[in-house]
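# Chains, contacts and geometry: an overview
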Amino acid sequence: MSKALVIYLMCGPETPALAEAAVEGGADLVELGFPFSDPLADGPVIRRAAERALAQGMRTRACLDCLAETRGRVDAPLVPMTYSSLLEAYGWERFADDARAAGAASLIVADLPAGARPELRRVHLVAPTSTDERLRLAGEQTDGWLYLVTVTGTTGTRSGPSAALAGLATRARSAAPGVPLYAGFGISTPEDARASAELTDGVVVGSRALEAAEQGPDALRDYVASLRSALDAL
Amino acid sequence: MPELYGAYGGRYVPETLIPALDELTAAWEEALADERFRAELDELGRTYAGRPTPLTRADRFAPAKRLYLKREDLLHTGAHKLNNALGQAVLARRLGKRRIVAETGAGQHGVATATVCARFGLECIVYMGEEDMRRQRPNVERMGLLGAEVRPVDFGTRTLKEATSEAIRDWITNVETTHYLIGSCVGPAPYPAIVRELQAVIGREARAQLLEAEGRLPEAVLACVGGGSNAIGMFAGFLDDAEVELVGVEAAGAASLGTGRTGVLHGSRSSVLADEDGQIADAHSISAGLDYPGVGPEHASLRDSGRARYVGTTDDEALDAFRRLTRTEGIIPALEPAHALARVGDLDAELVLVCLSGRGDKDLAEVLARGE
């Protein structure tokens with residue numbers, strides 16, 4: 001079965017065109033970052049992208065419009081990824097409703113772990129530190145797939161493959177049978193992507209995709225295509 | 001399971017930290033039930049920190065009142081922060097963690113943390129905003145002397161908010177070896193409860209001391225509120241005394257309780273300075289220790305219930321109180337408690353207790369730069 005490729009982009013004026021390029025390059029799903037001023041789970045690349053997006057006025061309403069416009073350009077599922085503070089301010093249910101109405105397939109809230117607000121359907125993250133009990137809970141509550149955080153750390157490029165992923169993938173398989181597992185955090189090269197996808201059902205690429213996106217849609221399309229070929233060679 | 005203060009508190013953190021917070025909760029509950037933990041803290045308080053701290057009458061500062069100051073400025077390292085740092089260092093040792101990370105604003109918590117790490121032989125990393133490093137140079141130098149590594153935070157507001165975010169990111173990355181020694185009653189559960197309990201010694205002592213001095217309870221108790229740890233520790237001694245008025249004093253430019261809205265910052269739901277989209281706003285205060293857009297969740301709950309009320313003091317009013325206490329009592333306060341001192345004259349109450357949470361040496365450059 002073909003491995004899933006998830007690409008993360010920050011909401012901004014260029015995002016619909018960038019998302020189209022990512023899908024043309026072979027992305028199966030696009031995460032759209034709704035920027036937050038204090039993103040605890042993110043390393044410097046995504047934090048700086050959030051600062052720039054906020055300076056461009058990408059507040060919640062503008063991000064929902066960006067989501068709807070992107071929805072009009074690509075068929076791949078779109079998943080907003082953000083932080084609790086935005087939902088608290090906008091209204092938790094209203095945010096979920098309006099995101100769905102704008103074309104979101106699901107939602108990721110980086111600082112809302114499994115167990116909290118179970119009524120809010122979303123994709124859960126699990127980490128190498130997660131206990132088997134928490135893997136089970138996340139597997140039961142997650143919306144479609146589980147996001148495996150490959151390292152104990154924040155988002156961003158690291159050198160070499162994650163030593164923790166194999167153990168986490170094995171434990172997640174038995175705790176959440178049948179739930180697709182996508183690995184993310186620190187995956188940047190086609191080699192990283194292939195190594196992580198060998199252990200899972202797909203990969204998420206964020207920080208490095210944002211760097212490629214800064215060079216424009218063509219550079220992003222080429223970069224995504226290089227990841228796609230690495231996954232398709234498996 | 002994570003405790004809530006009314007609608008506030010909780011654990012709004014990435015999944016990576018949840019098992020560490022569970023582990024911390026279990027270790028804390030075990031420590032509380034262990035008489036040896038309490039005995040060790042009491043011993044350290046007495047022989048190392050300088051507890052109990054005295055209560056001082058301040059007649060010349062407030063001639064129309066019977067004003068008492070709880071002298072946390074006389075504690076080792078010069079502020080109440082040591083109460084919490086000592087307790088958490090003992091807890092970290094129980095957890096088997098040898099690496100400590102902390103954030104600091106005014107530098108008082110950083111110094112307290114560097115001090116206990118030196119005392120217990122622990123590795124110490126302190127995150128501090130570049131703007132605060134400029135404002136609080138002596139404390140940066142003290143931390144270095146004590147063997148801590150001070151890591152400058154050079155983005156965003158370059159103050160306590162960003163330093164806290166970076167400390168939490170470090171903890172996420174090194175959670176298996178590291179204890180995050182948070183400096184105030186903020187953050188994800190169980191931190192607000194741990195810090196409150198470790199600071200509650202202020203209120204316990206002050207209540208007994210004032211009863212001994214006056215034969216009655218104070219009519220009003222004041223404390224400054226940034227994150228709110230000296231205030232919650234002081235208030236804890238009087239929460240059950242319904243007749244005692246509790247007043248928290250915020251910096252007017254950083255009034256998370258006075259002008260904030262419900263939001264999520266640094267792991268808990270509380271009253272925060274944020275815009276209508278939930279983006280955290282910048283706080284502005286002459287006092288680096290109050291320059292924070294969030295506040296402990298228990299304070300938000302005390303505000304809503306009406307058990308405590310929260311008022312603001314401007315930079316100029318705080319500077320005036322700073323100079324007046326220095327000249328009338330021979331006590332140089334930190335700028336943070338100077339905010340509380342500035343509100344004493346407004347009260348109807350006659351018998352008043354103020355938490356003098358720290359001493360002002362660290363603030364001399366900032367005050368002198370503002371002219372006489």
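Residues numbered from 1 in each chain as written. Chains lettered and ligands numbered in written order. Predicted model: local features only at pLDDT ≥ 70, side-chain atom pairs only at ≥ 80, totals over all residues.

### Here we look at the overall build of chain A
Put simply, the test is: Think of it this way: any DSSP run of H or I at least four residues long counts as a helix, any run of E at least two long counts as a strand, and we number them from the N terminus. For this measure, only C-alpha atoms enter the radius of gyration; the expected value for a globule follows 2.2 Å times N^0.38, where N is the number of residues. With C-beta atoms placed from the backbone, a residue is buried if 20 or more other C-beta atoms are within 10 Å of its own, exposed if 12 or fewer are, and partly exposed between those counts. Whether two residues are in contact depends on their C-beta atoms, placed from the backbone: they are in contact if these lie within 7 Å.
Scanning chain A from terminus to terminus reveals 10 helices and eight strands. Against the compact-globule benchmark of 17 Å for 234 residues, chain A has a radius of gyration of 16 Å, which places it among compact chains. Taking the principal axes of its C-alpha atoms as reference, chain A extends roughly 40 × 40 × 30 Å. Relative to its 234 residues, chain A shows a buried fraction of 60%. In chain A, the share of contacts with a sequence separation of at least 24, taken over all contacts with a separation of at least 6, comes to 67%.

### Concerning the overall build of chain B
Within chain B, the secondary structure is distributed over 13 helices and 14 strands. Computed over the C-alpha atoms, the radius of gyration of chain B is 19 Å, within 12% of the 21 Å expected from 2.2 N^0.38 for a compact globule of 372 residues. Its C-alpha atoms put chain B at 55 × 45 × 40 Å along the principal axes. Sorting the 372 residues of chain B into buried and exposed places 62% on the buried side. Residue pairs in contact within chain B that sit at least 24 positions apart in sequence constitute 75% of those at least 6 positions apart.

### What about the confidence of the model for chain B?
Using the following cut-off: The quantity known as pLDDT measures the predictor's confidence residue by residue, on a range of 0 to 100.
Looking at chain B, pLDDT values average 96 and 99% of them are 70 or higher. The ipTM assigned to the predicted complex is 0.96, against a pTM of 0.96.

### Focus on the nonpolar core
Put simply, the test is: Throughout this description, the term nonpolar core refers to a group of buried Ala, Val, Leu, Ile, Met, Phe, Trp, Tyr and Cys residues whose C-beta atoms join them within 7 Å. Domain borders in the structure are assigned automatically or taken from a domain database.
Of all hydrophobic cores here, the largest spans 210 residues; its most connected members are Ile-7, Leu-9, Ala-22 and Leu-148 of chain A together with Val-354 of chain B. In terms of residue count, helix α8 (residues 191-214) of chain B provides more of this core than any other element does, nine residues in total. For this core, the two domains that each supply at least three residues are domain 1 (4-43 + 81-191) and domain 2 (52-79 + 200-369) of chain B.

### Digging into the packing of helix α1 (residues 15-25) of chain A against helix α3 (residues 60-73) of chain A
Residues and elements named next belong to chain A. Worth spelling out the cut-off: Note on geometry: axes are C-alpha line fits, over the in-contact stretch for helices, and angles between N-to-C directions span 0 to 180 degrees. Angular relationships are summarised with four words: roughly parallel below 35 degrees, roughly antiparallel beyond 145, roughly perpendicular across 65 to 115, and oblique for the angles in between. Crossings are assigned a handedness: left-handed for a near helix turned anticlockwise from the far helix by less than a right angle, right-handed for a clockwise turn. Amino acids outside the nonpolar list (Ala, Val, Leu, Ile, Met, Phe, Trp, Tyr, Cys, Pro) and the charged list (Asp, Glu, Lys, Arg) are all regarded as polar, and Gly is one of them.
The contact between α1 and α3 brings their axes to 9 Å, and the two run at 40 degrees. Comparing their axes, α3 and α1 come out oblique. Judged by the twist between their axes, the crossing of α1 over α3 is right-handed. Of α3, the residues touching α1 (which contributes Thr-15, Pro-16, Ala-19 and Glu-20) are Cys-66, Glu-69, Thr-70 and Arg-73. Here the residues of the contact of α1 with α3 are counted per class, giving three nonpolar, two polar and three charged.

### Here's the deal with the sheet that holds strand β14 (residues 351-356) of chain B
All names here are of chain B. Test applied: Here, a strand pair is defined by DSSP locating no fewer than two bridges between the strands.
What the six strands build is an open sheet, ordered β3-β4-β14-β9-β10-β13; its pairing is mixed. Each edge of the open sheet carries a strand with a single partner, namely β3 (55-57) and β13 (308-313). The mean angle between the axes of side-by-side strands here comes to 25 degrees, regardless of whether they run parallel or antiparallel. Sheet topology note: the strand β9 (residues 220-224)/β14 ladder contains three bridges and is parallel.

### With respect to helix α6 (residues 132-141) of chain A
An α-helix turns once every 3.6 residues. As a result, residues three or four positions apart point the same way. The set of residues buried in α6 of chain A consists of Arg-134, Leu-135, Leu-137, Ala-138 and Gly-139 of chain A. Buried positions along α6 of chain A lie against β5 (125-126), β6 (146-149) and α7 (165-175) of chain A together with α1 (18-32) of chain B.

### Considering the domain arrangement of chain B
Residues and elements named next belong to chain B. For chain B, the assigned domains read domain 1 (4-43 + 81-191) and domain 2 (52-79 + 200-369). Each of domain 1 and domain 2 has a C-alpha centre, and the two are 22 Å apart. Facing the 37 residues of domain 1 at the interface are 38 residues of domain 2. Contributions of two or more residues to the side of domain 1 that touches domain 2 are made by β2 (8-9), α3 (81-95), α4 (108-120), α5 (130-135), α6 (137-145) and α7 (160-173). In terms of residue class, the side of domain 1 that touches domain 2 is made up of 15 nonpolar, 16 polar and six charged.

### A closer look at the sheet that holds strand β8 (residues 178-180) of chain B
Residue and element names in this part refer to chain B. On the basis of which strands lie adjacent, the open sheet formed by four strands has the order β7-β6-β5-β8 and parallel pairing. Because the sheet does not close on itself, it has two edges, and the strands there are β7 (149-153) and β8. Adjacent strand axes in the sheet meet at a mean angle of 25 degrees when their direction is disregarded. Packing against the sheet, α7 makes contact with β5 (99-104), β6 (123-129), β7 and β8, and its axis sits at approximately 165 degrees to β5.

### A few points about the interface of chain A and chain B
Quite often, the size of an interface is put as the accessible area lost when its parts meet. Taken together, the contact between chain A and chain B spans 29 residues of the former and 28 residues of the latter. Where the side of chain A that touches chain B is concerned, the elements lending two or more residues are α4 (84-90) and β5 of chain A. With six residues, the top contributor of residues to the side of chain A that touches chain B is α4 of chain A. Residues belonging to the side of chain A that touches chain B are distributed by class as follows: 14 nonpolar, 10 polar and five charged.

### Overview of the packing of α3 of chain B against α4 of chain B
Residue and element names in this part refer to chain B. Across the interface, α3 lies against α4 with an axial gap of 9 Å and an inter-helix angle of 40 degrees. Judged by the inter-axis angle, α3 sits oblique to α4. As for how α3 packs across α4, the hand of that crossing is right-handed. Together, Lys-81, Leu-82, Ala-85, Leu-86, Ala-89 and Arg-93 of α3 and Gln-108, His-109, Ala-112, Thr-113, Thr-115, Val-116, Cys-117 and Phe-120 of α4 make up the contact between the two elements.

### What about the environment of Pro-217 of chain A?
Residue and element names in this part refer to chain A. Among the structural elements, Pro-217 can be located in helix α10 (residues 217-232). By the C-beta count within 10 Å, which is 18 here, Pro-217 ends up partly exposed. In the structure, Pro-217 is positioned 200 residues away from Ala-17 in sequence and 6.8 Å away in space, judged by C-alpha atoms. Ignoring any residue separated from it by four or fewer positions in sequence, one finds Pro-217 in contact with Ala-17, Leu-18 and Ala-21.

### Remarks on the pairing of strand β10 (residues 245-251) of chain B
Residue and element names in this part refer to chain B. Note the threshold: A right-handed crossover is one whose linking path, passing over the helix from the first strand to the second, runs clockwise when the strands point away from the viewer.
In terms of burial, β10 is a largely internal element, five of the seven residues being buried. Here β9 pairs with β10 via five bridges, running parallel. Across the sheet, Ala-220 pairs through a bridge with Glu-245, a residue of β10. Handedness of the crossover joining β9 and β10 through helix α9 (residues 229-236) is recorded here as right-handed. Where β10 and β13 come together, six bridges link them in parallel fashion. Following the sheet pairing, Glu-250 is matched in β13 by Gly-312.

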